[in-house]
Amino acid sequence: MTDIEVLLDNIRPRLHGYCARVVGSAFDAEDIVQDSMAKAMSNWNENEIRNPEAWIFRIAHNTAIDHLRRTTRFSWEPLDETAVEESDEVSAIEHLEQKEMAVLALSIFMQLSPLQRCTVILKDVFGYSLAEVADMLSITTGGVKSALHRARHNLGEFRSDLEKHRPALPLAGDDAQRLNEYVDRFRSRDFEAVRSMLVADVTLDLVGKVKKVGVGQVGRYFSNYADLRLTSVEAVSIEGRSALWVTEGELRYPILLNFAENGGIASIRDFRHVPSYLRKMLTPVLLNV
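Residues numbered from 1 in each chain as written. Predicted model: local features only at pLDDT ≥ 70, side-chain atom pairs only at ≥ 80, totals over all residues. Heavy atoms only, no water.

Draft legend 1. Expanded view of the overall build of the chain. In terms of regular secondary structure, the chain is built from 12 helices and 7 strands. Looking at the chain as a whole, 48% of its 289 residues qualify as buried. Sequence-distant contacts in the chain: of pairs separated by 6 or more residues, those separated by 24 or more amount to 65%. Per element, the accessible surface of the chain, about 14600 Å² overall, is 47% carbon and sulfur. (Helix = DSSP H or I, 4+ residues; strand = E, 2+ residues; numbered from the N terminus. Buried < 20%, exposed > 50% of the residue type's maximum accessible area, 1.4 Å probe, protein only. Contact = heavy atoms within 4.5 Å. Areas by Shrake-Rupley, 256 points an atom, 1.4 Å probe, with all protein chains shown as cover.)

Draft legend 2. The packing of aromatic side chains, seen in detail. Under the definition given, this model contains 10 aromatic pairs. Ring centres of Phe27 and Phe271 lie 4.9 Å apart, and the angle between their planes is 50°; this geometry places the pair in the tilted category. Placement of the pair is Phe27 in helix H2 (residues 26–43) and Phe271 in the loop between strand S6 (265–270) and helix H12 (276–280), with a sequence separation of 244 residues. Look at Tyr182 and Phe186: their rings are 6.1 Å apart centre to centre, the planes differ by 25°, and that puts the pair in the stacked class. Of this pair, Tyr182 and Phe186 both sit in helix H8 (residues 175–187), 4 residues apart, roughly one helical turn. By relative accessible area, which is 2% here, Phe186 ends up buried. (Phe/Tyr/Trp six-rings, centres within 6.5 Å; stacked < 30°, edge-to-face > 60°.)

Draft legend 3. Local environment of the nonpolar core. Counting residues in each nonpolar core, the largest one holds 61 residues, and the members touching the most others are Tyr18, Val22 and Ile56. Counting residues in each nonpolar core, the second largest holds 31 residues, with Val199, Leu204, Leu228 and Val246 among its members. (Core = buried A, V, L, I, M, F, W, Y, C linked by side-chain atoms within 4.5 Å.)

Draft legend 4. Highlighting helix H6 (residues 130–137). Along H6, the positions that sit buried rather than exposed are Val133, Ala134, Met136 and Leu137. The buried residues of H6 occupy an angular sector of 165° when projected down its axis, which confines them to one face. Ser138 sits one or two residues past H6 and shows a positive phi near 60°. (Arc of directions from axis to C-beta.)

Draft legend 5. Focus on the pairing of strand S2 (residues 210–213). Pairing geometry for strand S1 (residues 198–206) and S2, over 4 bridges, is antiparallel. Paired with Leu206 across the two strands is Val210, which belongs to S2. What sits between S1 and S2 in their antiparallel hairpin is a turn of 3 residues, with Gly208 showing a positive phi close to 85°. (Pairing = 2+ DSSP bridges.)

Draft legend 6. View of the confidence of the model for the chain. For the chain, per-residue confidence averages 85 on the pLDDT scale, and residues scoring 70 or more make up 84% of the total. Mean pLDDT in the chain bottoms out at helix H4 (residues 92–104), which sits at 51, and peaks at S6, which reaches 97. (pLDDT = per-residue confidence, 0-100.)

Draft legend 7. Highlighting the sheet that holds strand S3 (residues 232–238). What the 7 strands build is an open sheet, ordered S2-S1-S6-S5-S4-S3-S7; its pairing is mixed. Looking at the sheet topology across the chains shown, the edges are occupied by S2 and strand S7 (285–286). Pairing between S3 and S7: 2 bridges, direction antiparallel. Bridging from a neighbouring strand, Val236 pairs with Leu286 of S7. Contacts from H8 reach S3, strand S4 (241–248), strand S5 (251–259) and S6 within the one sheet, and its direction differs from that of S3 by about 160°. (Axes fitted to C-alpha atoms, helices over the stretch in contact; angles between N-to-C directions.)

Draft legend 8. Representation of the pairing of S3 within the structure. With 5 of its 7 residues buried, S3 lies for the most part within the structure. With 7 bridges connecting them, S3 and S4 associate as antiparallel partners. Bridging from a neighbouring strand, Val233 pairs with Val246 of S4. Here S3 folds back onto S4 in antiparallel fashion, the turn holding 2 residues, of which Glu239 has a positive phi close to 55°.

Draft legend 9. Representation of the pattern of salt bridges. Taken as a whole, this structure holds 17 salt bridges when the rule is applied. In this structure, Glu53 engages Arg14 in a salt bridge whose closest nitrogen and oxygen atoms are separated by 2.8 Å. Separated by 39 residues along the polypeptide, Glu53 in helix H3 (residues 52–71) and Arg14 in helix H1 (residues 3–23) bring together distant segments of the chain. In this structure Glu53 comes out as partly exposed when scored by relative accessible area, which is 22%. Residue Arg14 is classed as partly exposed on the basis of its relative accessible area, which comes to 28%. Notably, a salt bridge pairs Glu248 with Arg272, separated by 2.6 Å at the nearest N-O pair. Of this pair, Glu248 sits in strand S4 while Arg272 sits in the loop between S6 and H12, placing them 24 residues apart in sequence. Judged by relative accessible area, Glu248 falls into the buried class, the value being 15%. Accessibility expressed as a relative area gives 23% for Arg272, which makes it partly exposed. (Salt bridge = Lys/Arg side-chain N within 4 Å of Asp/Glu carboxyl O.)

Structural data, given as structure tokens:
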């Protein structure tokens, strides 16, 4: 492996954790990380890049912000460089509590402005210095201090009501019924019945491995599961999306489904082969069956 490949492999879990908390989705973060790593590989020049880690985080940060601009009503708050006194900083114990909240709930970070979100994740969750955070975000150290101060204050307010900030998002429309039907057939290994639910131009993304398009190609994917010994297959909602939560021995992973207007399966995203750091950030909500 080249130096850049080794570095990307080492920091990939942190890149994913950062992007997931910035955009509020562990699934979207995986796409952002893959895109960012491709950009880093194609633009790498060891003779010109002074701080490779900060440079890679800056690519991931910009890619995550571009995602927010496309998918949300994005507003980057005005940069405030007002000096913050040391006495205004929170204690190390409060840092730890905020760090624990970061693991517990992605949605709590979505209550912060994007700039506050980015600074507190990099500084309090991952432990980068103020100067490193400023380099990664391409802002001043004073701007980092100001945003970080406000983020810590707001997280302190949220801490007393954490459950409110991680709601169990319901599935839309008839998706719950469709998902339960798919899971019943998948669980009983009636893969011919499962194939009958696929639309003609269905897509499959076996994340990190292969992509397929069309009933002919995607239909063969189920043969792999016919040979596996699965402990359980449950119908769940994850981040408000329809999913199977599969247990295969000690391995647990989601398979996301997207339904077409006619009720057929339009796309499948199978996360069996993704690194464990993504799966650990997911909180499946079991459907009432």
